[in-house]
Amino acid sequence: REAELEARDEAALDERRTAFEEARKVREAEEEAQLSIELEDRKARLEARAKKAFEEAEAEFERAAARRREALDEKTRALEDEEARSRADVAAADARRRALDEK
């Protein structure tokens, strides 16, 4: 009789251990699933930030390129103006020379 009671107690204890172990496994699986979700969420946020940073850097690069093109255009216009003045100076000097030669 006592052995039967002991066997029942042992069986109940085994059931409790099994139930506890299953509950622990379920809890660990839920925690893993939650961590996986959080990880994917973080990854998505990081990717979004990286994409935004890249787009901002790309836009800044385009603005800088536009500024460089504008500066180059200004230098080109200044050189063209200088060339036109030089030609005008040469033409005026030639005209003066011809005028002096005619005298």
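Whatever comes next refers back to the structure up there.
Quick caveat, the model's predicted, so the values are computed rather than measured.

Conventions and cut-offs
Residues numbered from 1 in each chain as written. Predicted model: local features only at pLDDT ≥ 70, side-chain atom pairs only at ≥ 80, totals over all residues. Heavy atoms only, no water. Helix = DSSP H or I, 4+ residues; strand = E, 2+ residues; numbered from the N terminus. Rg over C-alpha atoms; globule rule 2.2 N^0.38 Å. Buried < 20%, exposed > 50% of the residue type's maximum accessible area, 1.4 Å probe, protein only. Phe/Tyr/Trp six-rings, centres within 6.5 Å; stacked < 30°, edge-to-face > 60°. Lys NZ or Arg CZ within 6 Å of the ring centre and 35° of its normal. Salt bridge = Lys/Arg side-chain N within 4 Å of Asp/Glu carboxyl O. Patch = residues over 30% accessible without salt bridge, like charges linked within 9 Å, V, L, I, M, F, W, Y side chains within 5 Å. Areas by Shrake-Rupley, 256 points an atom, 1.4 Å probe, with all protein chains shown as cover. Lys, Arg positive; Asp, Glu negative; His and termini not counted. Charge placed at Lys NZ, Arg CZ, Asp CG, Glu CD.

Asks: For this particular structure, what's the right way to read the overall build of the protein?
Replies: When helices and strands are tallied, the protein shows one helix and zero strands. Here the C-alpha radius of gyration of the protein, 44 Å, is well above what a compact globule of 103 residues would show, namely 13 Å. Projected onto its principal axes, the C-alpha positions of the protein cover 150 × 10 × 5 Å. Expressed as a percentage of its 103 residues, the buried residues of the protein come to 2%.

Asks: For this particular structure, what's the right way to read the packing of aromatic side chains?
Replies: When we look at a pair of aromatic rings, we describe it by the centre distance and by the angle of the planes. Applying the stated rule across the entire model yields zero aromatic pairs. Looking at Arg 68, its charged tip hangs above the ring of Phe 61, at a distance of 5.8 Å from the centre.

Asks: Would you mind going over the pattern of salt bridges with me for this structure?
Replies: Pairs may arise between side chains of opposite charge once their charged atoms sit close together. Applying the stated criterion to the full structure yields twelve salt bridges. Across the pair Glu 10 and Arg 17 runs a salt bridge whose closest N-O atoms are separated by 3.8 Å. A residue is classified by how much of its surface remains accessible, and Glu 10, at 41% relative accessible area, is partly exposed. For Arg 17, a relative accessible area of 46% puts it in the partly exposed group. Through salt bridges that share partners, Glu 10, Asp 14 and Arg 17 make up one connected network.

Asks: For this particular structure, what's the right way to read a negative patch on the surface?
Replies: Taken together, the side chains of Glu 55, Glu 56, Glu 58 and Glu 62 present a region of like negative charge at the surface. Tracing the backbone through its elements, the reader meets Glu 58 in helix H1 (residues 2-102).

Asks: I tried to follow the environment of Glu 6 on my own but got confused; where do I start?
Replies: Mapping Glu 6 onto the fold places it in helix H1. You can call Glu 6 exposed: its relative accessible area is 56%. C-alpha of Glu 6 to C-alpha of Glu 62: the two residues are 56 residues apart in sequence and 82 Å apart in space.

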